[in-house]
Amino acid sequence: MPELPEVEALAQDLTGRLAGRAIVTVHVPQFAALKTFDPPISALHGTLVDGVRRHGKFLDLDCSGTHLVLHLARAGWVRWRDEVPTIPPKPSSKSTLAVRIVLDDDGTGVSPGLDVTEAGTRKSLAMYVVRDPLDVPGIASLGPDPLAPEFTEEVLGSILAAEGRKQLKGVLRHQGTIAGIGNAYSDEILHAARMSPYKPAGSLEPEELSTLYAALRTTLADAVDRSRGLAASELKGEKKSNLAVHGRTGQPCPVCGDVVREVSFADSSLQYCPTCQTGGKPLADRRMSRLLK
């Protein structure tokens, strides 16, 4: 799932490609992806792209004051095309194409554009056409951005104190609490902080709070820095190659060499290092325990 660093890098990449370009048309072959009806899609036609921003995990194209907002969900992505087909795409349950944005040809006779795709059968990618990004419910309910200057250690401390006995892993990835952190980077932040994902959010001592805050800011900022300047096609590989524990079950921890473990849930999983994070004790994996009975 694209998270804050990848969406930030996408916004930067697309800003360079789209700024000042005119949108000719927008096709939505997976019509269920479109979550709004007013303004209509046609309101985007002929507009100029004034800029591209990120709100948490949302990508926001400002098109002459009308906003095309995308949430890429778990399996969505944005692909730049130097030339898009002249024939509009047809709806198809077998196609990964959800949205196509066709740009002006800039006098060349060849129209470039963007393909917004979603792999898999679980279709949850969302597109909104709105007058104000805050008209998107998911943006209106976002918590503070963890890389904003005003996101201080004191702000994080207040958030964690208010969450009480809730587990750190869940608090970090809840978008209404802190914006932009998902499953992967919450694993990475907790590994860098050497904390259990099950640690109660409200139980941190002042020194632990400082450690977690530093790990959060550094992990995200470093990922953004590594991604800066990369094309969209390179971002997934960059992310995967720099993860310490997430998605690395069974591999050695790059810090201590212990085996990275996993806890599985209904539709997701977390990864951690027992030596670095849980005092050498593996966490209970209830789903695997049930399977072994």
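### Things to note about the packing of aromatic side chains
Here comes step 1: The final tally for this structure, using the stated rule, is one aromatic pair.
Here comes step 2: Look at F151 and Y213: their rings are 6.4 Å apart centre to centre, the planes differ by 20 degrees, and that puts the pair in the stacked class. Taken together, the positions of F151 in the loop between α2 (137-140) and α3 (153-163) and Y213 in helix α6 (residues 206-227) put the pair 62 residues apart, joining distant regions of the chain. For the pair shown, F151 and Y213 are each scored as buried.

### A word on the sheet that holds strand β8 (residues 126-130)
Here comes step 1: A sheet is described by the order of its strands in space; here four strands give the open sequence β2-β3-β4-β8, paired in antiparallel fashion. The two strands at the open ends of the sheet, each matched to only one other strand, are β2 (49-55) and β8. Across the sheet, the mean angle separating the axes of adjacent strands is 15 degrees when strand polarity is ignored.
Here comes step 2: Here strand β3 (residues 58-63) runs beside strand β4 (residues 66-71); their pairing, made up of six bridges, is antiparallel. Bridging from a neighbouring strand, D60 pairs with V69 of β4.

### A few points about the side chain of S269
Here comes step 1: The topology assignment puts S269 in strand β10 (residues 269-272).
Here comes step 2: The exposure class assigned to S269 is buried, which follows from its relative accessible area of 17%.
Here comes step 3: A distance of 3.1 Å separates polar atoms of two side chains, one belonging to S269 and the other to Q271.
Here comes step 4: For S269, the contacting residues outside a window of four places in its chain are N183, E262, V263 and S264.

### What about α6?
In an α-helix there are 3.6 residues to a turn, and that puts residues three or four apart on one side.
Here comes step 1: Here α6 is 22 residues long and its end C-alpha atoms lie 32 Å apart, about the 32 Å a rise of 1.5 Å per residue gives.
Here comes step 2: Within α6, burial applies to L209, L212, Y213, A215, L216, T219, L220, A223, V224 and S227. Down the axis of α6, the buried set is contained in an arc of 160 degrees. They therefore lie on one face. Facing away from the buried side of α6 by more than 90 degrees, the exposed set consists of P206 and E207.
Here comes step 3: Each element contacted by the buried residues of α6 is listed here: α1 (4-18), α3, α4 (168-173), α5 (183-193) and α7 (232-241).
Here comes step 4: Backbone geometry just downstream of α6 places G229 in the positive-phi region, at approximately 90 degrees.

### Brief notes about the sheet that holds strand β5 (residues 76-81)
Here comes step 1: The strand order across the open sheet formed by four strands is β1-β6-β7-β5, and the pairing between neighbours is antiparallel. The sheet is open, and its two edges are formed by β1 (23-27) and β5, each paired on a single side. This sheet shows a mean twist of 15 degrees between the axes of neighbouring strands, independent of strand direction.
Here comes step 2: Together, β5, β6 (97-103) and β7 (113-118) form the strand contacts of α1, whose direction differs from that of β5 by roughly 25 degrees.

### Describing the confidence of the model for the protein chain
Here comes step 1: Taken as a whole, the protein chain shows an average pLDDT of 93; of its residues, 97% reach a score of 70 or greater.
Here comes step 2: Of the regions scoring below 50 in pLDDT, residues 288-293 engages in zero contacts with residues more than four places distant in sequence or in other chains.

### Digging into unusual backbone geometry
Here comes step 1: Residues D38 and P39 are joined by a peptide bond in cis, for which omega reads 5 degrees.
Here comes step 2: One can find P39 in the loop between β1 and β2.
Here comes step 3: The backbone of S64 shows a phi angle near 50 degrees, a positive value even though the residue is not glycine.
Here comes step 4: Since its relative accessible area comes to 43%, S64 is described here as partly exposed.

### Looking at the packing of α5 against α6
Here comes step 1: For the pair α5 and α6, the least separation of the axes is 8 Å and the interaxial angle reads 130 degrees. When the axis of α5 is compared with that of α6, the two are oblique. For the crossing formed where α5 meets α6, the hand is right-handed. Where α5 approaches α6, its residues Y185, E188, I189, L190, A192 and A193 are matched on the opposing element by T211, L212, A215, L216, T219, L220 and A223.

### Examining the pattern of salt bridges
Here comes step 1: Enumeration according to the criterion identifies 13 salt bridges in this entry.
Here comes step 2: Residue K239 is joined to E6 by a salt bridge in which the shortest nitrogen-to-oxygen separation is 3.4 Å. Here K239, found in helix α7, pairs with E6, found in helix α1; they are 233 residues apart in sequence, far enough to count as distant. Per residue, the accessibility class of K239 equals that of E6, and both read buried.
Here comes step 3: Salt-bridge contacts for D115 lead to R100; the nearest nitrogen and oxygen are separated by 2.7 Å. With D115 in strand β7 and R100 in strand β6, the pair connects residues that are 15 residues apart, well separated along the chain. There is no split in this pair, since D115 and R100 are both buried.
Here comes step 4: When salt bridges that share partners are traced, they join E3, E6 and K239 into one network.

Thresholds, definitions, all that
Residues numbered from 1 in each chain as written. Predicted model: local features only at pLDDT ≥ 70, side-chain atom pairs only at ≥ 80, totals over all residues. Heavy atoms only, no water. Phe/Tyr/Trp six-rings, centres within 6.5 Å; stacked < 30°, edge-to-face > 60°. Helix = DSSP H or I, 4+ residues; strand = E, 2+ residues; numbered from the N terminus. Buried < 20%, exposed > 50% of the residue type's maximum accessible area, 1.4 Å probe, protein only. Pairing = 2+ DSSP bridges. Axes fitted to C-alpha atoms, helices over the stretch in contact; angles between N-to-C directions. Polar contact = N/O pair within 3.5 Å; in protein donor to acceptor, adjacent residues only side chain to side chain. Contact = heavy atoms within 4.5 Å. Expected span 1.5 Å × (residues − 1). Arc of directions from axis to C-beta. pLDDT = per-residue confidence, 0-100. Parallel < 35°, antiparallel > 145°, perpendicular 65-115°, else oblique. Left-handed = near helix turned anticlockwise from the far one by under 90°. Salt bridge = Lys/Arg side-chain N within 4 Å of Asp/Glu carboxyl O.

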